[in-house]
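# Close look at the chain arrangement
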Amino acid sequence: MNLVDIQQAAGLSKPIRHQLFIDGKFVDAESGETLATLNPHDNSTIAEVALAGKADVDKAVAAAQRAFPKWSRLAAADRGRILLRLADLIEANGEELARLESLDTGHPIRDSRNLDVPRTAACFRYFGGMADKFQGETIPVEAGFLNYTLREPVGVVGQVVPWNFPLMFTSWKMAPALAAGNTIVMKPAEITPLSSLRIAELMAEAGLPDGVVNMVPGLGSVAGQYIAEHMDIAKVAFTGSTATGRRVIQASAGNLKKVQLELGGKGANIVFEDANLVAAVNGSAWAIFHNQGQACIAGSRLILHEKIADAFLEKFIPLAKSVRLGNPLDASTEMGPLTSALHRERVLSYVDVARAQGGEVLAGGKSPGGDLANGCYVEPTIVRAASYLDRVAQEEVFGPFVTVLTFKTDEEALQIANGTDYGLGSGLWTANLQRAHKFARELHAGMVWINSYKRVNPGSPFGGVGQSGYGREMGFDAMREYTQVKSVWVNVDAQIPPHFAR
Ligand code: NAD
Ligand code: MN
């Protein structure tokens, strides 16, 4: 099929964007190289997308540098207005964006429509409104002086985005950066560039000046690494694996650029004996199976009180087995394929890892056959581990793969929950108010959900501790991340004794 046929088959009326977006124009890579982006439902090629190399990143950085002075000095409200217009355009083009995202990533269309697109619009809208509300301070210093702070944009920021939520993460990264007055060189993941490229086009339509946002899909080891190293990039914001995050820090050392990292997780999802079991079962399925478990905040460790473990699993296992796997573009699909064949192999390899350490597979553990055999599908998988120190209870699998552990006491639950190097999201289900807040305090995590899981909102700080990275997306914290403080001293009428009187 050619591009036009693929578009029609997916119900897209707008052309699929497959070139780099630099200085307000769609252009080929300097090298002429392209990389096929695939539909994970059947591994067919959707488009050959221009592959950015170092020369393209240099061009993008130069464009972002040229755009910076004017963009950063625009009235904050005027920057905000463009983001608000963009949010409207995302909604107006919502169905197209949802289809494109589902086609490229495998997100079930009902999620792309009801979660990814509205959340993307909401994020741009929130930071559009934020642009002129984020402000400095005046500080009561010694008599005769006025001291105030300016929150200045950092400059050209590099943003490296992963493949699990390409559309939504585009907004999480760009919205606060733009509201604060930065200009951007963004590298989408090489396997899922399409929705970000479409957003770039909508940004131009919303009135974003040329060069303010540049989109350079390319290989992580080439374009991503080069962004992290680049001497003219003032900050790099990265979402992805902890191993790559470590590489980004090392690469950033050349010009001491600011670094913000949102890395992996191994979310603890604790169900106490007094929990509402129906709510906990449903919430736990959402925690791990939404987006095929490809979420840094997935509730991938199900930590059950031994008194209710059997009753819980009696409901949870059949629920997992009943999840409707299928073509992401089908509205009844509850779980689509993983986003790449390579990743499917990685996820499935953990079934052997589990068995090798005495783990028991309670559901799934394989790819479905039949119509789905050519896609990157993995069945919802539940594994009971012998110990919380086993690899399947420690390492991020990043798939529809949940590890079950049991505990007897609150102390033991906390020890298990905090027993990894990660510290991103975690949650607990209980009717006991005191216990809930005590765990909220004691959990080693950037986010805690009580009697729910995986809630996100543009106003609520998102990020981790430990090897889940540092810095926060969303909310006022994101604006702090994308600005630096300047302290200004004014002598109003201070009487200063001369230090070097002659
Ligand atoms: P990755 O961390 O290598 O890729 C994420 C992004 O980083 C992509 O855009 C990639 O091109 C880029 N990248 C790769 N190498 C780079 C480098 N040296 N410098 C700068 N950027 C670079 O992740 P992956 O290999 O696609 O997936 C591996 C594992 O990472 C997954 O199984 C999962 O555990 C984890 N992961 C986590 C998240 C998250 O949301 N925290 C997202 C994706 C993957
Ligand atoms: Mn793809």
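Structure first, text after, so check above.
Structure report, in brief. The structure presented is a predicted model; accordingly, all values stated were derived computationally and were not measured.

### Some words on the environment of methionine 203
By the secondary structure assignment, methionine 203 is in helix 7 (residues 194–206). Excluding residues that lie within four positions of it along the chain, methionine 203 makes contacts with Leu86, Phe124, Met174, Leu178, Leu208 and Val213.

### Remarks on the packing of aromatic side chains
Inspection of every chain in the model, using the stated rule, returns 14 aromatic pairs. Where phenylalanine 272 meets phenylalanine 407, the ring centres are 5.5 Å apart and the plane angle is 75°; that geometry is what we call edge-to-face. With a gap of 135 residues between them, phenylalanine 272 in the loop between strand 12 (268–271) and helix 10 (277–289) and phenylalanine 407 in strand 16 (residues 401–407) connect regions that are remote in the sequence. Summarising the burial analysis for this pair, phenylalanine 272 and phenylalanine 407 share the class buried. Considering the side-chain rings of tyrosine 350 and phenylalanine 401, the 6.4 Å spacing of their centres and the 70° angle between planes classify their relative orientation as edge-to-face. Of this pair, tyrosine 350 sits in helix 12 (residues 341–356) while phenylalanine 401 sits in strand 16, and the two are 51 residues apart along the sequence. The two residues tyrosine 350 and phenylalanine 401 agree in class, both being buried. Among the aromatic residues, those joined into a ring-pair cluster are Phe165, Phe169, Trp172 and Phe462. For the cation-ring pair, arginine 17 lies above phenylalanine 26, with the distance from its terminal atom to the ring centre recorded as 4.4 Å. The ring centre of tryptophan 286 lies 5.3 Å from the NZ or CZ of lysine 454, which sits over that ring.

### Looking at the coordination of the manganese ion (ligand 2)
Protein coordination of the manganese ion (ligand 2) is provided by Leu38 (O), Asp104 (O), Asp104 (OD) and Ile191 (O), with donor distances spanning 2.2 to 2.7 Å. Counting residues between consecutive donors of the manganese ion (ligand 2) along the chain gives the motif L-x65-D-x86-I. Here aspartate 104, found in helix 4 (residues 94–105), pairs with isoleucine 191, found in the loop between strand 8 (183–187) and helix 7; they are 87 residues apart in sequence, far enough to count as distant. Among the residues examined, isoleucine 191 registers a relative accessible area of 29% and is labelled partly exposed.

### Considerations on the site of ligand 1
Neighbouring ligand 1 are 26 residues; Trp163, Lys187, Glu190, Ser241 and Glu396 lie closest to it. Between ligand 1 and the protein, one listed contact pairs an oxygen atom with a backbone N or O atom of valine 161 at 2.8 Å. At 3.3 Å, a backbone N or O of glycine 220 approaches an oxygen atom of ligand 1. A total of 820 Å² of accessible area belongs to ligand 1 in isolation, and the protein chains cover 88% of it. If you list the elements that add at least two residues to the shell around ligand 1, you get helix 8 (220–229), strand 10 (235–239), helix 9 (242–251) and helix 12.

### Some remarks on helix 12
With 16 residues, helix 12 should reach 22 Å at 1.5 Å per residue; the first-to-last C-alpha distance of 23 Å fits that figure. By the burial criterion, the buried members of helix 12 are His343, Arg344, Val347, Leu348, Tyr350, Val351, Val353 and Ala354. Looking one or two places after helix 12, you find glycine 358, whose phi comes out positive at around 85°.

### Details of the environment of proline 318
Structurally, proline 318 is set in helix 11 (residues 306–322). Proline 318 gets classed as partly exposed once you look at its relative accessible area, which sits at 42%. The spacing of proline 318 and glutamate 190 is 128 residues in sequence and 36 Å in space, taken between C-alpha atoms.

### Regarding the nonpolar core
Side chains that are nonpolar tend, in soluble globular proteins, to be buried together. Judged by nonpolar contacts, the single largest core of 98 residues is most densely connected at Phe124, Met174, Phe312 and Phe316. The element best represented in this core is helix 6 (residues 166–179), accounting for nine residues. Structurally, this core is a two-domain feature, drawing no fewer than three residues from each of domain 1 (3–262 + 472–486) and domain 2 (268–450). Core analysis: the second largest hydrophobic core is formed by 30 residues, Phe272, Val353, Phe407 and Ile416 among them.

### Topic: the pattern of salt bridges
Applying the stated criterion across every chain, the model contains 25 salt bridges. For arginine 66, the salt bridge goes to aspartate 23, with nearest N and O atoms at 3.0 Å. In this pair, arginine 66 is assigned in helix 2 (residues 54–73) and aspartate 23 in the loop between strand 1 (20–22) and strand 2 (25–27), connecting sequence segments 43 residues apart. Note on aspartate 23: relative accessible area 21%, which makes it partly exposed. Notably, a salt bridge pairs aspartate 410 with arginine 435, separated by 3.0 Å at the nearest N-O pair. With aspartate 410 in helix 14 (residues 410–417) and arginine 435 in helix 15 (residues 433–442), this pair connects stretches of sequence that are 25 residues apart. For arginine 435, a relative accessible area of 10% corresponds to the buried category. Each of the salt bridges in this network shares a partner with another, and the network as a whole consists of Glu273, Asp274, Asp410 and Arg435.

Conventions used here
- Residues numbered from 1 in each chain as written.
- Chains lettered and ligands numbered in written order.
- Predicted model: local features only at pLDDT ≥ 70, side-chain atom pairs only at ≥ 80, totals over all residues.
- Heavy atoms only, no water.
- Helix = DSSP H or I, 4+ residues; strand = E, 2+ residues; numbered from the N terminus.
- Contact = heavy atoms within 4.5 Å.
- Phe/Tyr/Trp six-rings, centres within 6.5 Å; stacked < 30°, edge-to-face > 60°.
- Buried < 20%, exposed > 50% of the residue type's maximum accessible area, 1.4 Å probe, protein only.
- Lys NZ or Arg CZ within 6 Å of the ring centre and 35° of its normal.
- Donors = N, O, S within 2.8 Å, 3.2 Å for Na, K, Ca; no water.
- Near = heavy atom within 4 Å.
- Polar contact = N/O pair within 3.5 Å; in protein donor to acceptor, adjacent residues only side chain to side chain.
- Areas by Shrake-Rupley, 256 points an atom, 1.4 Å probe, with all protein chains shown as cover.
- Expected span 1.5 Å × (residues − 1).
- Core = buried A, V, L, I, M, F, W, Y, C linked by side-chain atoms within 4.5 Å.
- Domains from an automatic or database assignment.
- Salt bridge = Lys/Arg side-chain N within 4 Å of Asp/Glu carboxyl O.

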